[in-house]
Amino acid sequence: MTAVAHPIDVPRSGRWTLFGVVAFAVLIFTQVFAFVTSPPDANMGQLEKIMYVHVPAAWIMFVCFVIVMVYSLRFLWKGREEDDLLAAAAAEVGATFNGLTLVLGMLWGKPAWGVWWAWDARLTSTLVLFLVFVGYLALRAFVDDPQRRGQWSAAVGILGAINVPIVWMSVTWWRTLHQTPSSAQTMAPAYLAGLWTNAVAFLLIMIYFIRRRYEAACLIRAAEHAAQATALGGLE
Amino acid sequence: MVASNWAFVTASYVITWVVILGYLLHVHRAVQQARAEYERVTGHRPEAGGAA
Amino acid sequence: MAFRDDVRRIRAIAWKDLTTERRSKAGFNSVAALGVTILVLFGFALGPDAQALREAAPGALWLSALFAGVLAFNRSYQVELESGALDQLLQYPGSRWVIYVGKLAANSIFVGLMLVIVVTAGIALFQIRIPAAWPSLIGVLVLGAVGLVVLGTFYAAMASRSRAREVLLPLLLFPMLVPVLLAAMSASKALLNGDMMHEAGAWVKLLTAYDVIFLIATLLAFEYVIEV
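Thresholds, definitions, all that
- Residues numbered from 1 in each chain as written.
- Chains lettered and ligands numbered in written order.
- Predicted model: local features only at pLDDT ≥ 70, side-chain atom pairs only at ≥ 80, totals over all residues.
- Helix = DSSP H or I, 4+ residues; strand = E, 2+ residues; numbered from the N terminus.
- Rg over C-alpha atoms; globule rule 2.2 N^0.38 Å.
- Buried ≥ 20, exposed ≤ 12 C-beta atoms within 10 Å, placed from the backbone.
- Contact = placed C-beta atoms within 7 Å.
- Nonpolar A, V, L, I, M, F, W, Y, C, P; charged D, E, K, R; others polar.
- Core = buried A, V, L, I, M, F, W, Y, C linked by C-beta atoms within 7 Å.
- pLDDT = per-residue confidence, 0-100.
- Axes fitted to C-alpha atoms, helices over the stretch in contact; angles between N-to-C directions.
- Parallel < 35°, antiparallel > 145°, perpendicular 65-115°, else oblique.
- Expected span 1.5 Å × (residues − 1).

(A) Focus on the overall build of chain C. Per the secondary structure count, chain C includes nine helices and zero strands. The secondary structure elements of chain C, listed N-terminal to C-terminal, are α-α-α-α-α-α-α-α-α. In terms of overall dimensions, chain C is globule-like: its C-alpha atoms have a radius of gyration of 18 Å, near the 17 Å expected for 228 residues. Expressed along its principal axes, the backbone C-alpha trace of chain C runs to roughly 55 × 35 × 30 Å. The buried share among the 228 residues of chain C stands at 45%.

Here it is, written out as structure tokens:
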């Protein structure tokens, strides 16, 4: 299937640089604010400060994941290439925050529980989600035709999305049946302000990252379109 | 126990910023390369053209 | 009338897949042999204590079947790819689901037979004591195999036609199979040990739900994946 059929709208980059600067400024502020003003926890001491990066990273990972699913469905439904490119951008950003969530979870877990890893529902589902993201990105890397790449990625993304809650349930059962204690991560209200502000900051960063990644992908596809149009005899 | 936790807290924040700044660099380089490719092929800058 | 035509086409596709396998006898024999070989290696990794082997048996059996079965799924598309027959198949009128169901049928038979061989070997190698509830165990094997075949056949439609197909199929497939493996292994383990806690029923429900959900989802998605 040739790609000249539908030209890509190249996103303009102008105001986004300002957005990026603002996003990072907000993040620095919220990080310092939460770090400095949060009181030490009775049980965990200073360890709860990790929550201000671990929990927002996890939330952003989920938001990216939902974006991938929504735009994959849109792509299959409407066939607009931009939807596929946005899903792919969200997948890359999501995979990054997913990896970060896992590492931060381990850095929290070692001092809190004494182990680097525990096979509980939350951690295990996060790990499986990471593998699904990685598979999605690997598929895109190994498929060259844009139409095929888009359709296949969308199918993989949607099926992966359906699977995650099932994985969560399976692992929860697996744990409860073997009567191993689950890891409780509760947060006292005193920390919620710091958590929410950091979550918003992370969200701004996510939006900026996805936008930039999407921009790069659109530019490359637009260049490919133009090259094809020229090759086919100056249809542009 | 509490004192040694600082190592983990510090590591967490350092790793978070390394990843975020690292991705920032990655995505900026991607945009730069993409723009260069676009200009190479079409002969004009992306803003000038709008839709390809 | 149209439905009977579809059924006939499904049988034709399944038969074609299976007979191509039979003519190239290397196909099934080597996959089954590989399954048993992997099982033997698991035996070395987990044994030689009989009790340890018995406890690890469900896990080792399912993983051996999985690693060997992965080869079967890519092969089911490879024959058409090499002869260019896939494009020809797509020319025929009628829905893509006919192709998919045909391949599901062929792969089910293939994987089913392989599972029988691997399980038989496993009973001996892992000193499994056959429980009174062995019919339920067969049910678990069937449900697990269905989940394996449905997702394996679907993902192979993509992986077999991409670069690096040997790594891409397992990479895509294995995370998706986590619930199947977990449920099948846990249910098998419970049934082999007499199922004191009656947990096998819950796992069987999960397996059934999973099989139904993904059979429907892959049926819907197959046309997007096979046509392009």
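Resuming the write-up.
(B) Focus on the interface of chain C and chain A. Counting residues at the interface gives 25 residues for chain C and 25 residues for chain A. Mapped by element, the contributors of at least two residues to the side of chain C that touches chain A are helix H7 (165-176), helix H8 (178-192) and helix H9 (200-226) of chain C. In terms of residue class, the side of chain C that touches chain A is built from 21 nonpolar, two polar and two charged.

(C) Representation of the nonpolar core. If you look at the biggest cluster of nonpolar residues, it comprises 151 residues, and the most contacted ones within it are Cys64(A) and Ala90(A). If one sorts the elements of this core by residue count, helix H6 (residues 134-159) of chain C sits on top with 16 residues. Residues within four places of Cys64(A) in sequence aside, it is in contact with Ala90(A), Val93(A), Gly94(A), Phe97(A) and Met206(A).

(D) Highlighting the interface of chain A and chain B. Facing 31 residues of chain A, the contacting portion of chain B comprises 29 residues. Sorting the residues of the side of chain A that touches chain B by element identifies helix H3 (81-113) and helix H6 (192-231) of chain A as the ones contributing at least two each. Tallying contributions element by element places H6(A) first for the side of chain A that touches chain B, with 13 residues. Split into classes, the residues belonging to the side of chain A that touches chain B amount to 20 nonpolar, four polar and seven charged.

(E) Representation of the confidence of the model for chain C in the model. Residues and elements named next belong to chain C. Within chain C, residue pLDDT values average 88, and 96% of them lie at 70 or more. Mean pLDDT across the elements of chain C bottoms out in helix H4 (residues 85-91) (75) and peaks in H6 (95). Across the interfaces of the predicted complex, the ipTM metric reaches 0.88, alongside a pTM of 0.89.

(F) The packing of H6(C) against H8(C), seen in detail. Residues and elements named next belong to chain C. Taken N-terminus to C-terminus, the directions of H6 and H8 make an angle of 170°; their axes are 10 Å apart at the nearest point. The orientation of H6 relative to H8 falls into the category roughly antiparallel. Contact residues: Ser136, Leu137, Val140, Gly144, Gly147 and Leu148 in H6; Val180, Ala184, Ala187, Ser188 and Leu191 in H8. Looking at side-chain class alone, the contact of H6 with H8 contains seven nonpolar, four polar and no charged residues.

(G) Structural context of H6(C). The end-to-end C-alpha separation of H6(C) is 36 Å, in line with the 38 Å expected for 26 residues at 1.5 Å each. Most of H6(C) sits out of view: 20 of its 26 residues are buried.

(H) View of helix H5 (residues 96-125) of chain C. An ideal rise of 1.5 Å per residue puts 44 Å on 30 residues; H5(C) measures up with 42 Å between its terminal C-alpha atoms. At the exit of H5(C) stands Gln127(C), carrying a positive phi of roughly 55°.

(I) Focus on the confidence of the model for chain A. Per-residue confidence for chain A gives a mean pLDDT of 86; residues scoring 70 or more make up 88%. Taken together, the stretch residues 1-5 of chain A has pLDDT below 50 and engages in eleven contacts with residues farther than four places along the chain or on a different chain.

(J) The environment of Trp168(A), seen in detail. Residues and elements named next belong to chain A. The topology assignment puts Trp168 in helix H5 (residues 146-177). We classify Trp168 as partly exposed; it has 18 C-beta atoms within 10 Å. C-alpha separation for the pair Trp168 and Ser153, spaced 15 residues apart in sequence, amounts to 23 Å. Setting aside chain neighbours within four positions, we find Trp168 in contact with Ala121 and Ser125.

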